[in-house]
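Coordinate analysis (summary)
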Amino acid sequence: MKSAVIAGAGSYLPPKLVTNADLTARLDTSDEWIRTRTGMSVRHVIEPGDATSDLAVEAGRRALDSAGGGGGADVVILATTTPDHQVPPTAPDITARLGLRTTPAFDVSAACAGFLYGLATASGLIATGAAERILLIGADAFTTMVDPDDRGTVVLFGDAAGAVLLRAGEADEPGAVGMPVLGSDGSLAGLIQVPAGGSRSRSSGPPSKEPDPGAVYFTMNGRETFRHAVGRMSESSREAVARAGWEPTDVDWLCAHQANLRILTAVADELGFEPERRLSNIAEVGNTAAASLPTLLAMSASDGTLKAGHRVLLTAFGGGLSWGAATLTWPDIVVG
Ligand code: COA
């Protein structure tokens with residue numbers, strides 16, 4: 001059975017920055033609160049009128065270039081919770097703009113765990129022989145969904161895209177990805193949600209009912225989310241490491257969804273990862289949802305932290321609730 005092997009990677013951060021000082025200038029918050037509660041200092045945000053696909057096209061192009069360009073892809077998967085539109089899906093548009101013509105393309109929605117769900121989908125397509133080269137992009141523009149006046153959420157999110165080109169290969173070669181461990185708990189769906197915009201809010205009440213303007217914004221019960229996030233990421237991580245036949249001490253880098261520095265610290269402590277074995281870019285990018293893991297991988301490879309042969313443990317958690325973990329060894333590739 002073939003395994004998914006990383007052949008290229010890339011990321012894209014929009015140039016516009018929002019610093020803690022920008023936020024404290026207009027909201028009842030402080031640099032000290034934001035840094036101590038979240039670990040964040042700066043976020044990259046899209047300009048009005050730009051969208052998730054604009055980020056995804058750039059990251060996708062960089063991953064294709066990193067893989068040597070010419071090979072293209074025979075499937076494109078976009079993990080996102082902020083598609084450009086409710087209809088059509090965003091992946092076909094990205095695919096066309098990348099010049100991949102009529103390549104099959106679809107979106108995967110699993111909030112901040114979306115990249116791992118996409119990785120599992122891609123691994124399955126490769127294992128069954130249905131595909132040989134898959135471009136998997138994680139991209140989100142959560143700043144389009146948070147209430148700009150809600151200090152509880154606006155400080156947390158940035159916009160980004162990250163991508164990997166996966167090819168069919170062998171389980172024991174550098175770049176090979178272990179089949180992800182995944183989980184969900186829909187009984188806790190209300191902890192993280194955008195109440196309006198889906199079929200539930202459209203179909204409830206008479207057509208004349210005025211929508212609640214606030215319901216279009218992202219809401220989160222931070223405390224409860226925090227508790228579940230630590231438990232689920234730790235559990236799934238242990239299972240993924242065991243599935244790979246590794247011990248936690250065999251892993252060079254913990255690459256966890258950059259939701260909040262205190263969550264990252266709690267998960268790392270629970271799993272026994274010292275600060276020297278934790279990848280992090282949360283201070284510069286904030287929580288970028290489905291883009292978080294591939295962006296962190298690509299940035300860490302680009303700055304030389306992540307090297308060929310390093311063993312990496314990925315884990316993420318988000319709305320759904322949804323979570324997961326996966327292992328991989330980093331390949332010998334150039335990431336610009
Ligand atoms: N600046 C100052 N005070 C703020 C604030 C801000 N930006 N945001 C919230 N507060 C206040 C709250 O209003 C509350 O005040 P009160 O006690 O007077 O009501 C107080 O800080 C504590 O709020 P709480 O939400 O309990 O804070 P917290 O310590 O739990 O930290 C989060 C909030 C969001 C940073 C934290 O809960 C978290 O990161 N949760 C998980 C997020 C996550 O994992 N997401 C993953 C899926 S996307």
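Conventions we followed
Residues numbered from 1 in each chain as written. Predicted model: local features only at pLDDT ≥ 70, side-chain atom pairs only at ≥ 80, totals over all residues. Heavy atoms only, no water. Core = buried A, V, L, I, M, F, W, Y, C linked by side-chain atoms within 4.5 Å. Buried < 20%, exposed > 50% of the residue type's maximum accessible area, 1.4 Å probe, protein only. Helix = DSSP H or I, 4+ residues; strand = E, 2+ residues; numbered from the N terminus. Domains from an automatic or database assignment. Contact = heavy atoms within 4.5 Å. Pairing = 2+ DSSP bridges. Axes fitted to C-alpha atoms, helices over the stretch in contact; angles between N-to-C directions. Buried area = accessible area lost by both parts, 1.4 Å probe. Salt bridge = Lys/Arg side-chain N within 4 Å of Asp/Glu carboxyl O. 1 Å grid on protein atoms, 1.4 Å probe; cavity = no way out; pocket = protein on both sides within 12 Å on 5 of 7 lines; lining within 4 Å. Points joined across faces, edges and corners; volume = space filled by probe spheres on them. Nonpolar A, V, L, I, M, F, W, Y, C, P; charged D, E, K, R; others polar. Parallel < 35°, antiparallel > 145°, perpendicular 65-115°, else oblique. Left-handed = near helix turned anticlockwise from the far one by under 90°. Near = heavy atom within 4 Å. Polar contact = N/O pair within 3.5 Å; in protein donor to acceptor, adjacent residues only side chain to side chain. Areas by Shrake-Rupley, 256 points an atom, 1.4 Å probe, with all protein chains shown as cover. Phe/Tyr/Trp six-rings, centres within 6.5 Å; stacked < 30°, edge-to-face > 60°.

Quick look at the nonpolar core
Grouped together as the largest cluster of nonpolar side chains are 41 residues, with contacts concentrated most on L23, F218, L254, I263, F273 and L313. Residue assignment for this core shows that the elements contributing at least two residues are α8 (222-243), β11 (253-256), α9 (261-271), β12 (311-318) and β13 (322-329). Lining this core are residues from two domains, each supplying at least three of them: domain 1 (3-169) and domain 2 (181-187 + 217-329). Other than its neighbours up to four places away in sequence, F273 contacts P248, V251, W253, L254, A268, R278 and L313.

Describing the sheet that holds strand β4 (residues 75-79)
Pairing within the open sheet is mixed, and its 5 strands lie in the order β1-β7-β6-β4-β5. Single-partner strands in this sheet number two, and they are β1 (3-12) and β5 (105-108). Adjacent strand axes in the sheet meet at a mean angle of 20 degrees when their direction is disregarded. Inspection of the sheet shows β4 paired to strand β6 (residues 133-141) by 5 bridges, in the parallel sense.

Considering the sheet that holds strand β8 (residues 181-184)
Spatial ordering of the open sheet is given by β8-β13-β12-β11, a layout of 4 strands whose pairing is mixed. Each edge of the sheet is formed by a strand with only one pairing partner; in this case those strands are β8 and β11. For this sheet, the mean inter-axis angle between neighbouring strands, taken without regard to orientation, is 15 degrees. As paired strands, β11 and β12 are joined by 4 bridges and run parallel to one another. Across the sheet, C255 pairs through a bridge with L314, a residue of β12. Packing of α8 onto the sheet brings it into contact with β8, β12 and β13, and relative to β12 it is tilted by some 145 degrees.

Describing the domain arrangement of the protein chain
Domain boundaries assigned for the protein chain yield domain 1 (3-169) and domain 2 (181-187 + 217-329). Put simply, the middle of domain 1 and the middle of domain 2, counted by C-alpha atoms, are 16 Å apart. Taken together, the 42 residues of domain 1 in the interface contact 39 residues of domain 2. When the two sides are added together, the surface that domain 1 and domain 2 hide from each other amounts to roughly 3,000 Å², 70% of it contributed by carbon and sulfur. The largest share of the area that domain 1 buries against domain 2 comes from C112, L116 and Y117, three residues that together contribute 20% of it. In this structure, the connection of domain 1 to domain 2 is made through 0 salt bridges.

Considering the layout of surface pockets
Considered as a void within the structure, the second largest pocket measures approximately 350 Å³ in volume. Forming the walls of the second largest pocket are 17 residues, and the residues nearest its centre are V18, V45, T143, P148 and V154. A class-by-class count of the residues in the lining of the second largest pocket yields 9 nonpolar, 3 polar and 5 charged.

So, the packing of α8 against α9
One way to put it is that α8 packs onto α9 with a least axis distance of 9 Å and a crossing angle of 40 degrees. With respect to each other, α8 and α9 are oriented oblique. Two packed elements cross with a definite hand, and for α8 against α9 that hand is right-handed. Where α8 approaches α9, its residues F226, A229, V230, M233, S234, S237 and R238 are matched on the opposing element by R262, I263, A266, V267, E270 and L271. When its residues are assigned to classes, the contact of α8 with α9 shows 8 nonpolar, 2 polar and 3 charged.

Description of the site of the ligand
Neighbouring residues of the ligand: 23 residues in total, closest T29, R37, R151, N260 and I263. Taking W33, its side chain carries an N or O atom lying 3.4 Å from a nitrogen atom of the ligand. R37 is positioned with one of its side-chain polar atoms (N or O) 2.5 Å from an oxygen atom of the ligand. Protein burial of the ligand: of its 960 Å² of free accessible surface, 74% is covered by the chains. Listed by contribution, the elements that provide at least two residues to the shell around the ligand are α2 (31-38), α6 (151-154), α8, α9 and β12. Among the elements that line the shell around the ligand, the one with the most residues is α8, at 4 residues. Class assignment of the residues belonging to the shell around the ligand gives a composition of 10 nonpolar, 8 polar and 5 charged.

Digging into the pairing of β6
Among the 9 residues of β6, 8 are classified as buried, and the element is accordingly described as predominantly covered. Pairing geometry for β6 and strand β7 (residues 159-169), over 9 bridges, is antiparallel. When the bridges of β7 are listed, R133 appears paired with R167.

What about helix α11 (residues 292-302)?
Within α11, 9 of the 11 residues are buried, which leaves the element mostly enclosed by the surrounding structure. Just downstream of α11 lies G304, where phi reads positive at about 90 degrees.

Section: the environment of I34
Here I34 is to be found in helix α2. Distance from I34 to H310, taken between C-alpha atoms, is 32 Å for residues 276 residues apart in sequence. For I34, the residues in contact, after removing those within four places along its chain, are N20, L23, T29, G39, M40, R43 and V155.

Comments concerning the packing of aromatic side chains
In the structure shown here, the tally under the stated rule is 4 aromatic pairs. Taking 5.1 Å as the distance between ring centres and 75 degrees as the angle between the ring planes, the aromatic pair formed by F157 and F218 counts as edge-to-face. With F157 in the loop between α6 and β7 and F218 in the loop between α7 (199-203) and β10 (219-220), the pair connects residues that are 61 residues apart, well separated along the chain. Like F157, the residue F218 is buried in the burial classification.

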